[in-house]
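Overview (structure and organization)
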Amino acid sequence: MSRETPQAAFEHAQAAMLRGDMFEVFACLDVNDLKRVAANAVALSLGARIDDADEEVRRICEEHRFPLEDLMSAGRRVMQMPGREATMNQRDTMKRGLAAVSNLPAFLAALEGYSRRASGGGSISMRLFQNETLTDIQVKGSRAWGTRVHGPGSSDDVEFVKRNGQWYVKLIARPRV
């Protein structure tokens, strides 16, 4: 399925969510949103653990070259010496770790699958894009905006960004220009 228009990107994500294909859902999302979701997914997968991680989480991180040990070390530092410096170090460690991942949608899909099996929940709602209609699409260069209609009287703005000829969905829309 192509993402040559914002509508096509939305429909691609919607169809993927309907199939439960998290890799394809994540492949339709803007990389900056993916990084936010991935940071949440890593934290969700670790839970309160700072000394150890589940073997499956370790395998996923190793497979995708995410430096899990560095992040857990930064987490221990926050617990041992709470403060701005330790917190900023942990945040920067997460950013560097996510930057090292070459296939963010695959990494995120693997973590999402783990979290849903282990705890029954994930980093995004499985109802995302479901029973929604995209209306009022306005394209301005490499940006576009529309409205996700969830039902009578219920809607949200949605933004799209075009990169390398493909449109991607932004989960958090900036104001329309």
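Keep in mind it's a predicted model, so treat the numbers as computed, not measured. (Residues numbered from 1 in each chain as written. Predicted model: local features only at pLDDT ≥ 70, side-chain atom pairs only at ≥ 80, totals over all residues. Heavy atoms only, no water.)

**Examining helix H5 (residues 68-80)**
For clarity, the threshold we go by: Starting at the N terminus, helices and strands are each numbered in turn, a helix being any DSSP run of H or I of at least four residues and a strand any DSSP run of E of at least two. One less than the number of residues in a helix, times 1.5 Å, gives the span that helix is expected to have. When accessible area is computed with a 1.4 Å probe and restricted to protein chains, residues below 20% of their type maximum are described as buried, those above 50% as exposed, and intermediate ones as partly exposed. The arc in question is the one spanned by the directions pointing from the helix axis to the C-beta atoms. By the convention used here, residues are in contact when the closest approach between their heavy atoms is within 4.5 Å.
Compared with an ideal rise of 1.5 Å per residue, which puts 13 residues at 18 Å, H5 spans 18 Å between its outermost C-alpha atoms and is within 8% of the ideal. Of all the residues in H5, the buried ones are Leu68, Leu71, Met72, Ala74, Gly75 and Val78. Here the buried residues of H5 occupy an arc of 160° about the axis, which is enough to place them on one side. Next to the buried residues of H5 lie helix H3 (31-46), helix H4 (55-63) and helix H6 (84-100).

**Remarks on the pattern of salt bridges**
The cut-off we apply is this: A carboxyl oxygen of Asp or Glu within 4 Å of a side-chain nitrogen of Lys or Arg is what we treat as a salt bridge.
As enumerated under the stated definition, the model contains 14 salt bridges in all. The partner of Asp30 in a salt bridge is Arg163, with the nearest N and O atoms 2.1 Å apart. Of the two residues, Asp30 is situated in the loop between helix H2 (22-27) and H3 and Arg163 in strand S3 (residues 154-163); the sequence distance between them amounts to 133 residues. One network of salt bridges, with partners in common, ties together Asp30, Asp33, Arg36, Arg163 and Lys170.

**Things to note about the layout of surface pockets**
Note the threshold: Using protein atoms alone on a 1 Å grid, points that fit a 1.4 Å probe yet trap it form a cavity, whereas open point sets bounded by protein on both sides within 12 Å along at least five of seven lines form a pocket; residues with an atom within 4 Å of a point count as lining. Grid points are joined across faces, edges and corners, and a volume is the space filled by probe spheres set on the points.
In this structure, the largest pocket encloses a volume near 160 Å³. The wall of the largest pocket is formed by Lys35, Ala39, Ala43, Leu71, Gln90, Arg91, Met94, Lys95 and Leu98. Only H3 and H6 provide two or more residues apiece to the lining of the largest pocket. Looking at which element gives the most residues to the lining of the largest pocket, the answer is H6, with five residues.

**Re the sheet that holds strand S4 (residues 166-170)**
Counted only if it meets this: Two strands qualify as a pair provided that DSSP identifies no fewer than 2 bridges between them. Fitted lines through C-alpha atoms serve as axes, helices being fitted only where they are in contact, and the angles separating the N-to-C directions of these axes extend from 0 to 180 degrees.
Spatial strand order, S1-S2-S3-S4: four strands in an open sheet with antiparallel pairing. Two strands close off the open sheet at either side, each with one partner strand: strand S1 (133-140) and S4. Sheet twist, expressed as the average angle between the axes of neighbouring strands with direction ignored, equals 25°. Inspection of the sheet shows strand S2 (residues 143-151) paired to S3 by eight bridges, in the antiparallel sense.

**As for the pairing of S1**
In this sheet, S2 lies alongside S1 in antiparallel orientation, the contact comprising six bridges. Counterpart to Thr135 in the pairing with S2 is Thr147.

**Considerations on the packing of aromatic side chains**
Here is the rule: Working definition: rings of Phe, Tyr and Trp (its six-membered ring) pair if their centres are within 6.5 Å, and the pair is stacked with planes under 30 degrees apart, edge-to-face with planes over 60 apart, and tilted otherwise.
As enumerated under the stated definition, the model contains two aromatic pairs in all. Seen from their ring centres, Phe10 and Phe129 are 5.6 Å apart, and the 85° between their planes marks the pair as edge-to-face. Of this pair, Phe10 sits in helix H1 (residues 6-19) while Phe129 sits in the loop between helix H7 (104-119) and S1; the two residues are 119 residues apart in sequence, bridging distant segments of the chain. When its relative accessible area of 0% is taken as the criterion, Phe129 is described as buried. Arranged with centres 5.4 Å apart and planes meeting at 20°, the rings of Phe66 and Phe107 form a pair that is stacked. Of the two residues, Phe66 is situated in the loop between H4 and H5 and Phe107 in helix H7; the sequence distance between them amounts to 41 residues. Judged by its relative accessible area of 0%, Phe107 falls in the buried class.

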